[in-house]
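# Close look at the chain arrangement
Below, each chain spelled out in residue letters.
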Amino acid sequence: MERIIIKDFGPIEYIDMPLDKQFNVIIGEQATGKSTIVKWINYFSKIAFDFQRVFFSMLKPGIQLDVDKVLHLAEEYGVKRVYDYFGASFFEDTTVVRYYFYDNYYAEVFQENGITKLLYSGELEKSLKKVIQEMFVIVGNYSGNVQALVSLQGQIFYKWNEVFCENWVVFLPAGRSNVITSITPELDVNISEISQDVCIQQFITDVKLYKNIYVTGYFQQFLKKHFESSDKYYREFQELEQLQMKVLNGKYLMQDGNDYIELTNKKLVPMIFASSGQQETVWVMNILGMKAYENLSSVQSGVLIIEEPEAHLHPQWIFEPVNTGLDWNASLAAQSSVGKNLVSKYS
């Protein structure tokens, strides 16, 4: 992530915002466009996943693999996601939203004759076509068994993210504590019934996934197996765990399908009776821990977006994760109070 430009979209008249690769804070009054900015960053950071989804959907007997077809389907899917994120009411004929991944590699959403379109810069499209061609070769060597499929998925994931340089993205939305306490790994819920907001739906999906990982204890086993206590990365991970203990005054546990905070005195407090600060903060800290684990396991980096971090998250703790030394390629926070480079129609 390098830069985002938004023109005539929702409350934003114009913004040209450089993005630091380590940490960004957006401050503004209510309804001035803070959430709009971070949702657009979230949207563009997931374009690599659009290509992965389209490519895998085409790996079926009888489907002819074609470079232009992959590009076209990914663009169609990208436009659909725009409406999933924002609906149609904020668009104007003059709307332009451009996101620079790096250098002249950018993607742009704009309106033309009332139709929303997604465009890639010449440099980005050239690289995408090259990667698609390379993946056709990889797919041609696919033998069809499960082990080969896992290997194929890994190679394709790596290839896409070679282009976009953003391997994962997590959006921690405002109002987190309103939905967290009702989510359990075994609970088969229709996420769309909980919220129509796509960012909240993604957050619920992440929490359900990570709760399962916490139940199995998989990442703790991974750390013990692969890292010695003297290892630099293991020490940094432990540093983050210690930060979690400080922020929560305890740690998260799941037992018999129920959520608890284990206090520093080892007493278990059911999550529904934990403090509002603990309920609001627990999955911020847990997801940071899981992303640290992923960094250690596959040297990935990505985009972390925290909306309204000041909600039960003391300013001291907002900056601490970045100071642990772990490779947060980009951490972004949106707070409630306007940056001088943001021109809002409603300010």
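If you're wondering where the values come from, they're calculated on a predicted model, not measured in any experiment.

In this fold, V82 is placed in helix 3 (residues 67-86). C-alpha of V82 to C-alpha of W40: the two residues are 42 residues apart in sequence and 8.8 Å apart in space. Those residues in contact with V82, other than ones at most four positions away along the chain, are W40, Y43, G87, F91, V109 and T116.

A few words on helix 1 (residues 34-45). In a regular helix each residue adds 1.5 Å, so twelve residues correspond to 16 Å; helix 1 covers 17 Å between its end C-alpha atoms and thus fits that length. Most of helix 1 sits out of view: eleven of its twelve residues are buried. Here helix 1 has its buried residues at K34, T36, I37, V38, K39, W40, I41, N42, Y43, F44 and S45.

Glancing now at the packing of aromatic side chains. Counted under the stated rule, the structure contains 16 aromatic pairs. Measuring from centroid to centroid gives 5.5 Å for W40 and F44, while their planes differ by 25 degrees, and the two rings are stacked. Of the two residues, W40 and F44 are both situated in helix 1; the distance of four residues between them amounts to about one turn of the helix. Neither residue differs from the other here; W40 and F44 are each classed as buried. Here the aromatic cluster, defined as three or more aromatic residues joined through ring pairs, consists of F9, W40, Y43, F44, Y83, Y85, F86, F90, F91, Y99 and F101. Over the aromatic face of F49 sits the side chain of K46, whose NZ or CZ is 5.7 Å from the ring centroid. A cation over a ring is seen here: R98 above Y106, with NZ or CZ 4.0 Å from the ring centre.

This part takes up the nonpolar core. By size, the foremost hydrophobic cluster in this structure holds 57 residues, and its most contacted members are W40, F51, Y120, W160 and F164. The residues touching F51, leaving out its near neighbours within four places in the chain, are V70, L71, A74, Y120, L128, W160 and F164. Ranked by size, the runner-up nonpolar core spans 24 residues in total, among them L243, M254, A274 and V282.

With that out of the way, let us pick up the packing of helix 2 (residues 47-57) against helix 3. Helix packing for two helices is described by the angle between their axes and how far apart those axes are. Packing of helix 2 against helix 3 brings their axes to within 9 Å, and their N-to-C directions diverge by 125 degrees. Taken together, helix 2 and helix 3 sit at an angle that is classed as oblique. In the packing of helix 2 onto helix 3, the handedness of the crossing is right-handed. The residues of helix 3 that touch helix 2, namely those facing I47, D50, F51, R53, V54 and F55, are V70, L71, L73, A74, Y77, G78 and R81. For the contact of helix 2 with helix 3, the class distribution of residues is nine nonpolar, one polar and three charged.

The tally for this structure, following the rule as stated, stands at eleven salt bridges. Its salt-bridge partner being R3, residue D16 comes within 2.8 Å of it at the nearest N-O pair. Note that D16 is positioned in strand 2 (residues 12-18) and R3 in strand 1 (residues 3-9), a separation of 13 residues in sequence. Judged by its relative accessible area of 30%, R3 falls in the partly exposed class.

Turning our attention to the packing of helix 1 against helix 3. It is the contact of helix 1 with helix 3, at a shortest axis distance of 11 Å, that shows an interaxial angle of 150 degrees. Classified by the interaxial angle, the pair formed by helix 1 and helix 3 is roughly antiparallel. The hand of the helix 1/helix 3 crossing is right-handed. Along the contact surface, helix 1 presents T36, K39, W40, N42 and Y43, while helix 3 presents G78, V79, R81, V82, Y85 and F86.

Next up on the list: the confidence of the model for the protein chain. With 65% of its residues at a pLDDT of 70 or more, the protein chain shows a mean pLDDT of 75. Predicted confidence in the protein chain is weakest over strand 13 (residues 342-344), with a mean pLDDT of 41, and strongest over strand 1, with 95. Every residue in residues 328-333 scores below 50 in pLDDT, and together they form 40 contacts with partners more than four places removed in sequence or on other chains. Overall, residues 335-347 carries pLDDT values under 50, and its contacts beyond four positions in sequence, including any with other chains, amount to 49 contacts.

Parameters at a glance
Residues numbered from 1 in each chain as written. Predicted model: local features only at pLDDT ≥ 70, side-chain atom pairs only at ≥ 80, totals over all residues. Heavy atoms only, no water. Helix = DSSP H or I, 4+ residues; strand = E, 2+ residues; numbered from the N terminus. Contact = heavy atoms within 4.5 Å. Expected span 1.5 Å × (residues − 1). Buried < 20%, exposed > 50% of the residue type's maximum accessible area, 1.4 Å probe, protein only. Phe/Tyr/Trp six-rings, centres within 6.5 Å; stacked < 30°, edge-to-face > 60°. Lys NZ or Arg CZ within 6 Å of the ring centre and 35° of its normal. Core = buried A, V, L, I, M, F, W, Y, C linked by side-chain atoms within 4.5 Å. Axes fitted to C-alpha atoms, helices over the stretch in contact; angles between N-to-C directions. Parallel < 35°, antiparallel > 145°, perpendicular 65-115°, else oblique. Left-handed = near helix turned anticlockwise from the far one by under 90°. Nonpolar A, V, L, I, M, F, W, Y, C, P; charged D, E, K, R; others polar. Salt bridge = Lys/Arg side-chain N within 4 Å of Asp/Glu carboxyl O. pLDDT = per-residue confidence, 0-100.

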